[in-house]
Amino acid sequence: MSSSNFYPLSDYDRKQIAKLPPDIAALADKYPSEILNTADSWDNLPFDANYLPECLEVYSSDADDANIFVLNGVLKDYVPSHAEKNTSSITVMIDGEFAYIEVEGRQVLNKLGGIVLPEVAINPELLIQSIIKGENND
Amino acid sequence: MIEDGEANEIKRDYLDILESLLKLIHAKAKEKGLDPTKDVHIYSSSSKVYQGTLGESPSKNLLTPTIVENLKKALSDPKNSQGAISIKIGHEKVFHIKNGEVLTDKLGLAPRSQKNEVVSNERIYSVEALQKQVAVLQSKLESQQKLVDSLKKNEQTPESLSELAAQVAEMGKSLEKQQQLIENTQKALSQVNERFLPQVQNTVLQNWVGSVERQVKKTAKNAFERLLDALTPEVTKLRKEIAQMKAQIEQQVTNRLDEVRENTDNIRDELNQQIGNLTQELRTQVDGVKNTVDQSLMGVKSAIDNTRTELRDAVKDVKGKVVEESVKALLNILGTNNPDGSKSFKSTTFDFERLGDNVIVRAKNGEPVLTDGVLSPNVSDQQLQALDKVQSVVDMHRQLENNAQQNSESRGIKR
């Protein structure tokens, strides 16, 4: 769900967000989902050194689908954006955890720690399939 | 537009589904020794859509009927679910599904048989797959070509011919589809280079994202070129071959028609020829008969003519002799003795003359009519009739002489 969608914050959410540094919490009205995720993950420990992720997802604000989805070192999804589209937020999930969030070019969450980003293998067949699926969703 | 009543019903439905799903999650969590009092978090893609504990009002609920439906599918029929859904209990991720693939299922929520079972309903897009499809078309084409070749040996009936034509047309359509698929793939691949991944501020991430993007573009470019190099000529060749085959079949059909037409023409020609021959023969026979008859008639006619001529000549011959004797008698009675010893007499129509035994009768124009007892062939019927009278003049004169002699004899007796 992107920031352009309707994303109301509950009282509980607001309480969580209030724990964040004020300059980050102030972005909650514009980027409620990203800032709530930031709040939820704020106290998490960074990934251990040499942590090798199984599942990597990179989301940007303008799409429900991940731009990149890597599973066990294999590129599963590749959904690039039109060049003219402005990316206002980026969310990186590693093994289902929020590892990195940036909003308007500003990093608000970084739990990457000592992570080792995997070499990515690309299966042309999967790539073409993913691209065509992305085209059809346009 | 959904009416309020319907909307409420749908909402009740999905709330029921949601409650049973939450109960399932709680029950399974309890089984696995997880703390059921901790909040359950449900994420759709990167957004949290639910947070709550069973039996309590949730602290967050942005679940829509669509998401609930998808969640239900993720737990009952994972391979047909869409997008990404993840479930956490407290901070522990217990379930994660993406694109129909169950990535994490610590509670055993999804049906066991379908776990980690990737069944793709997607059409396969790859140079290899496209090549295989083209190869299938090629082999089909080859078997069709055999059929087309057998056509030349006239082993095909008109029915199988039209069936074959339909098959080739069908293959043409398949090829068009294939071509479309290849073009779409090429288009998609070429568009990869016009699209970009977002720029990430974090250098490590950006390096990684950038390298993935570069790798993807390189792969896409290679695939695109391979499609161009390997597949396009094949497809072009196939298209040509199919077009040729169509032409061959059409030619065969045309030949068949020509053959039938030719046969018909031949039969007609033969028939005409036979009729012509028969007519000719009849005409010849008729003509023969006619000629024979004509010739016979001609023969008869010429025979008659000959006879007539002979007869006429004989009559003339006889007549000539008779007339000559009459003329001799006439000249004896009425002829004038000429100094050359000849005798002559001139009537109104003829000049008669005798020298020795030679008698000649001339018409008034000097043309001889009778010479040496032979009538001239030019003698006319009128002249013949006039000549006939010569004898009667002679006869009349002799009668007068006889009468005079008898009178003098009787006078002598009386004395």
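Residues numbered from 1 in each chain as written. Chains lettered and ligands numbered in written order. Predicted model: local features only at pLDDT ≥ 70, side-chain atom pairs only at ≥ 80, totals over all residues. Heavy atoms only, no water.

The number of helices and strands found in chain A is four helices and seven strands. Listing each helix as α and each strand as β along chain A from the N terminus yields α-α-α-β-β-β-β-β-β-β-α. Of all 138 residues assigned to chain A, the portion counted as buried reaches 57%. Within chain A, contacts between residues at least 6 apart in sequence are counted, and of these 57% link residues at least 24 apart. Surface exposure of chain A reaches about 6100 Å², of which carbon and sulfur atoms provide 49%. (Helix = DSSP H or I, 4+ residues; strand = E, 2+ residues; numbered from the N terminus. Buried < 20%, exposed > 50% of the residue type's maximum accessible area, 1.4 Å probe, protein only. Contact = heavy atoms within 4.5 Å. Areas by Shrake-Rupley, 256 points an atom, 1.4 Å probe, with all protein chains shown as cover.)

With that out of the way, let us pick up the nonpolar core. If you look at the biggest cluster of nonpolar residues, it comprises 52 residues, and the most contacted ones within it are A:Ile68, A:Leu75, A:Val92, A:Ile94, A:Leu127, B:Trp208 and B:Val216. With 14 residues, helix α5 (residues 203-334) of chain B is the largest single contributor of residues to this core. Residues contacting A:Ile94, with those up to four places away along its chain left out, are A:Phe47, A:Tyr51, A:Pro53, A:Cys55, A:Leu56, A:Ala99, A:Leu112 and A:Ile115. Judged by nonpolar contacts, the second largest core, of 49 residues, contains A:Leu27, B:Ala29, B:Ile42 and B:Ile89. (Core = buried A, V, L, I, M, F, W, Y, C linked by side-chain atoms within 4.5 Å.)

This paragraph deals with the pairing of strand β10 (residues 350-355) of chain B. Residues and elements named next belong to chain B. Burial of the side chains of β10 is restricted to one face: Phe350, Phe352 and Arg354 are buried, whereas none of Asp351, Glu353 and Leu355 on the reverse face is. One ladder, built from four bridges, connects strand β9 (residues 343-346) with β10; its direction is antiparallel. Across the sheet, residue Lys343 finds its bridge partner in β10, namely Arg354. Connecting the antiparallel pair β9 and β10 is a turn made up of three residues. Direction of pairing for β10 relative to strand β11 (residues 358-363): antiparallel, over a ladder of six bridges. Looking across to β11, one finds that Asp351 is bridged to Arg362. (Pairing = 2+ DSSP bridges.)

Moving on to the side chain of B:His26. Position of B:His26 relative to the elements: it lies in helix α1 (residues 4-31). Excluding residues that lie within four positions of it along the chain, B:His26 makes contacts with B:Pro36, B:Val40, B:Thr53 and B:Leu54.

In this section: the sheet that holds strand β7 (residues 106-110) of chain A. All names here are of chain A. On the basis of which strands lie adjacent, the open sheet formed by six strands has the order β3-β2-β1-β5-β6-β7 and antiparallel pairing. Of all the strands in the sheet, just β3 (74-78) and β7 have a single pairing partner and so form its edges. Looking at each pair of strands side by side, their axes are set apart by 15 degrees on average, direction ignored. Bridge count for strand β6 (residues 97-103) against β7 is four bridges, and the pairing is antiparallel. The partner of Val103 across the bridge, within β7, is Arg106. Its contacts with the sheet put helix α3 (residues 32-41) on β5 (89-94), β6 and β7, and the angle it makes with β6 is roughly 135 degrees. (Axes fitted to C-alpha atoms, helices over the stretch in contact; angles between N-to-C directions.)

For the rest of this paragraph, the subject is the sheet that holds β10(B). Taken in spatial order, the six strands of this open sheet run β8-β9-β10-β11-β12-β13 (chain B), and their pairing is antiparallel. Each edge of the sheet is formed by a strand with only one pairing partner; in this case those strands are β8 (336-337) and β13 (374-375) of chain B.

Right, let's get into the packing of aromatic side chains. Within the structure shown, the criterion is met by four aromatic pairs over all chains. With centroids separated by 5.5 Å and ring planes inclined at 55 degrees, the aromatic side chains of A:Phe98 and B:Tyr43 adopt a geometry described as tilted. With one member in each of two chains, A:Phe98 in strand β6 and B:Tyr43 in strand β1 (residues 40-44) form a pair that bridges those chains. Each of the two residues, A:Phe98 as well as B:Tyr43, counts as buried. Each residue in the set B:Phe345, B:Phe350 and B:Phe352 is aromatic and connected to the rest through ring pairs, giving one cluster. When the ring centre of A:Phe69 is taken as reference, the NZ or CZ atom of B:Lys98 above it lies at 4.8 Å. (Phe/Tyr/Trp six-rings, centres within 6.5 Å; stacked < 30°, edge-to-face > 60°. Lys NZ or Arg CZ within 6 Å of the ring centre and 35° of its normal.)

Turning our attention to the pattern of salt bridges. Summed over the entire model, instances satisfying the criterion amount to 18 salt bridges over all chains. Put simply, A:Asp29 and A:Arg14 hold a salt bridge, and the shortest N to O gap is 3.9 Å. With A:Asp29 in the loop between α2 (22-25) and α3 and A:Arg14 in helix α1 (residues 11-17), this pair connects stretches of sequence that are 15 residues apart. For A:Asp29, a relative accessible area of 65% corresponds to the exposed category. The closest approach of N and O atoms between B:Glu92 and B:Lys106, which form a salt bridge, is 3.3 Å. In this pair, B:Glu92 is assigned in strand β5 (residues 92-98) and B:Lys106 in the loop between β6 (101-105) and α3 (127-152), connecting sequence segments 14 residues apart. Judged by relative accessible area, B:Lys106 falls into the partly exposed class, the value being 46%. A cluster of three or more residues bridged by salt bridges with shared partners is formed by B:Lys346, B:Asp351 and B:Lys364. (Salt bridge = Lys/Arg side-chain N within 4 Å of Asp/Glu carboxyl O.)

All names here are of chain B. With three bridges joining them, β11 and strand β12 (residues 368-371) adopt antiparallel strand pairing. Within β12, the position partnered with Val361 by the bridge is Leu370. When β12 meets β13, the two strands line up antiparallel, connected through two bridges. Bridging from a neighbouring strand, Leu370 pairs with Leu375 of β13. Here β12 hands over to β13 after two residues, with Asp372 in that stretch at a positive phi of 50 degrees.

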